[in-house]
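# Topology and contacts: notes
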Amino acid sequence: MQELEEDGILQPAMPSCWCQETKPHKFCPGCGHGIILKVLGEAIDELGIKDTMVFGCDIGCSLLSWDLFSIDTVQTHHGRTTPVITGMKRANSDIIGVAYMGDGGGYAIGSQHLFNAAVRNEKITILLCNNCNYGMTGGQMAPTTLPGMKTETTPYGRDVSETGYPTKGPEMVAAVAPEGAYVARGTIANVRQLKGFIKKALENQIAGRGISFVECLSSCPTNWRTNAKQTWEFVEKDMAGFFKVGELRGSEVKEG
Amino acid sequence: MAEVLLQGEQRVFMTGNEVVAWAAVAAKADIMYGYPITPQNEIMHYWTRLAPKHGKRFLQVEDEISAGFTTVGGVMTGRKAFTATAGPGNVLMQESANMAEMMRVPIVYVVQQRGGPSTATVIYAQQETTLTCFGGNGEGHRLVYSTATHQELFDYTIKAFNMAWTYRFPTFVLGDGYQAKMRESLTMYNPEEKGIQLVKPVPLLGDTTKPERQFKHLRNTYNTEDELYKVVMNNQRDWDNMAEKVVEWDEKGCEDAEVILLTHGIVARSAITAYQQLRAEGKKVGFFRPITLRPFPGKELKEAIKNAKKLLVAESAYGQFLKMVQNNIFGSQIEIVPLLRPGVGITTEEIVAEYHKLS
């Protein structure tokens, strides 16, 4: 972290692995991506892995992180970040590979990659931002849209008899990944805990134990059409009510 | 660790798939990513047997989309990575090929064509010609070698790695199920002993040997039309510059020919025999065969056919190669006689019979 005060003026607290030249970041006001990527940045700083890391971002809002870090970054195709980072790690195991994606990229178009990467216990870290909708394309139903929740493609609310229930990604990954996996679900409503999960996920990869997967409950006030109060209520009550926050696998891993 | 491989020249008798695996080892490929599909499976089978002996790796993934993208990832780290596929698998791999075109990722694909459309046959066709040359939402910025013999499978697989890493465009070796499965003899060699320099791969990012490196941000998404236009036109210029240097073809007897036999890939073998037979009978026949389909030897073809009256175009597809020919000789008045047999082999006898129908 940088010095907070420069020339008597309070500076924004940015992780040192954030790329200063590309700030402010490109996410909407109130979006959770910035919070997730900030704690990721802090974890990277603390672990000192910036120089061996490759950050891969998916398509959707997550792609806006393509120039966020002062770290080698590749922006891939929708759903394909998991295989790209997998391919890198398999070719050069010295790389710390982080795949960053949204719920659409991880649970819909790239679900086969997530599932099979988990089964193979790929030694990579996958971070998935769950904001209950497709943000970049204008707020359509996502695999994680809550029952009854209104989106552009479920204008009368998500009907579970037609579209099923929201995907519980960490539960799926935890169910299929072999020994050594680290799986957790954090939330932007508890950044200290979220940072701990992300840090453990990275440590799990550094130790070469297996796949590490963290779903991050996030916010999308732009498409949810919510004010600040409603946004936090949705994240803290509605989302957390359906998506249980906590560690699902590898909680015995000591915090660094 | 790595055994010394391929010293001197070795005369061998093997299937085309085995040849590709040996060629990849000879080209010093580091890693193969793959997904089973007939008729390319034995490339993986032989690679998985050869690879551990030479300190190389293999990863079997969940589908061809993943095979394509894991290969892209491997290439980006500066490793010589490749994959192989066919038919519907080739369809799925085009997504990664598009990313490779946009981001100039020197990926190598080996395609052993099978019947199409759909699942069709596992045997043979030339129906992936258009797909392999132009698949995706782009401009076909790639290099495609259409091989005809096992010797060429060996030579051009080695060359594919070299050209990919020289020009940074996705490079395809376009074979077919007949080449994949049949056995024939060829000479294998160590390319470096023959004076063929193997182009060294370089990391596009994630160079863990250089912690002090300047970080890179690589993307394939752009904000405005103008931004994209610049990128695509820059790639187009590079591709055009490459085209003149890499274009390859074979031609025989076109100078005084009245009829020219025009084919690519394995069908060219039937055509060359037909050409020899007809020439022996004193017929004024010529032979022309593009070896690179992308870039297509258009100028050379136009020159070769300028004195001829007819062009006999034979392919195991319904006009995919024919369209490329028509496109490239636009303006020529020559009569084109097509012999189009989608998913079916074409013999020398059939080409000769077709030739006799012309006069």
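Residues numbered from 1 in each chain as written. Chains lettered and ligands numbered in written order. Predicted model: local features only at pLDDT ≥ 70, side-chain atom pairs only at ≥ 80, totals over all residues. Heavy atoms only, no water.

Here the focus is the interface of chain B and chain A. At the junction of the two partners, chain B supplies 34 residues and chain A supplies 35 residues. Across the interface of chain B and chain A, roughly 2,900 Å² is buried in total on both sides, 57% from carbon and sulfur atoms. Of all residues in chain B, B:Glu62, B:Thr208 and B:His217 bury the most surface against chain A, accounting for 21% of the area lost on that side. On inspection of chain B and its partner chain A, the count reaches three salt bridges. A salt bridge links A:Arg120 to B:Glu62, with the shortest nitrogen-to-oxygen separation between them at 2.8 Å. Summed over the shared surface of chain B and chain A, the result is 19 residue pairs in polar contact (both at pLDDT 80 or more). Sorting the residues of the side of chain B that touches chain A by element identifies β2 (31-34), β3 (57-60), α3 (64-76), α4 (87-103) and β9 (217-218) of chain B as the ones contributing at least two each. Ranked by residue count, the leading element in the side of chain B that touches chain A is α3(B), at seven residues. Here the residues of the side of chain B that touches chain A are counted per class, giving 13 nonpolar, 12 polar and nine charged. Note: strand β4 (residues 73-75) of chain A against β9(B), two bridges, orientation parallel. If you follow A:Thr73 over to β9(B), its bridge partner there is B:His217. (Contact = heavy atoms within 4.5 Å. Buried area = accessible area lost by both parts, 1.4 Å probe. Salt bridge = Lys/Arg side-chain N within 4 Å of Asp/Glu carboxyl O. Polar contact = N/O pair within 3.5 Å; in protein donor to acceptor, adjacent residues only side chain to side chain. Helix = DSSP H or I, 4+ residues; strand = E, 2+ residues; numbered from the N terminus. Nonpolar A, V, L, I, M, F, W, Y, C, P; charged D, E, K, R; others polar. Pairing = 2+ DSSP bridges.)

Turning our eyes to something else, we now look at the domain arrangement of chain B. All names here are of chain B. Here chain B is partitioned into domain 1 (9-189) and domain 2 (250-358). One C-alpha centre belongs to domain 1, the other to domain 2; they are set 26 Å apart. Residue-level contacts link 28 residues of domain 1 with 20 residues of domain 2. Taking both sides of the interface into account, the surface hidden between domain 1 and domain 2 amounts to around 2,000 Å²; carbon and sulfur atoms contribute 53%. Area buried by domain 1 at its contact with domain 2 is led by Tyr124, Gln126 and Ser146, which between them contribute 30% of it. Between domain 1 and domain 2 we count two salt bridges in total. Within the residue set of the side of domain 1 that touches domain 2, elements represented by two or more residues are α5 (129-134), β6 (143-146), α6 (150-167), β7 (171-176) and α7 (177-181). Residue classes in the side of domain 1 that touches domain 2 are distributed as 12 nonpolar, 10 polar and six charged. (Domains from an automatic or database assignment.)

Before going further, it helps to spend a moment on the packing of aromatic side chains. Each pair of aromatic rings is reported with the distance of its centres and the angle of its planes. Residue and element names in this part refer to chain B. Throughout the structure, instances matching the rule amount to 13 aromatic pairs over all chains. Ring centres 4.6 Å apart and planes at 10° place the aromatic pair Tyr109 and Phe172 in the stacked group. Placement of Tyr109 in strand β5 (residues 108-113) and of Phe172 in strand β7 is noted, with a sequence separation of 63 residues between them. Overall, the relative accessible area of 0% leaves Phe172 in the buried class. On the basis of an interplanar angle of 45° and a centroid distance of 6.2 Å, the ring pair of Phe296 and Phe321 is categorised as tilted. One end of the pair, Phe296, is in the loop between β13 (292-294) and α10 (298-304); the other, Phe321, is in helix α11 (residues 320-328), with 25 residues separating them in the sequence. In terms of burial, Phe296 and Phe321 fall into one category: buried. (Phe/Tyr/Trp six-rings, centres within 6.5 Å; stacked < 30°, edge-to-face > 60°. Buried < 20%, exposed > 50% of the residue type's maximum accessible area, 1.4 Å probe, protein only.)

If you walk through the whole model with that rule in mind, you get 30 salt bridges over all chains. Across the salt bridge formed by B:Asp256 and B:Arg279, the nearest N and O atoms sit 2.8 Å from each other. Within this pair, whereas B:Asp256 is found in the loop between β10 (249-252) and β11 (259-262), its partner B:Arg279 is found in helix α9 (residues 267-280), the two being separated by 23 residues in sequence. Note on B:Asp256: relative accessible area 37%, which makes it partly exposed. What emerges from the salt-bridge pattern is a single network uniting A:Glu42, A:Glu46, A:Lys195 and A:Lys199.

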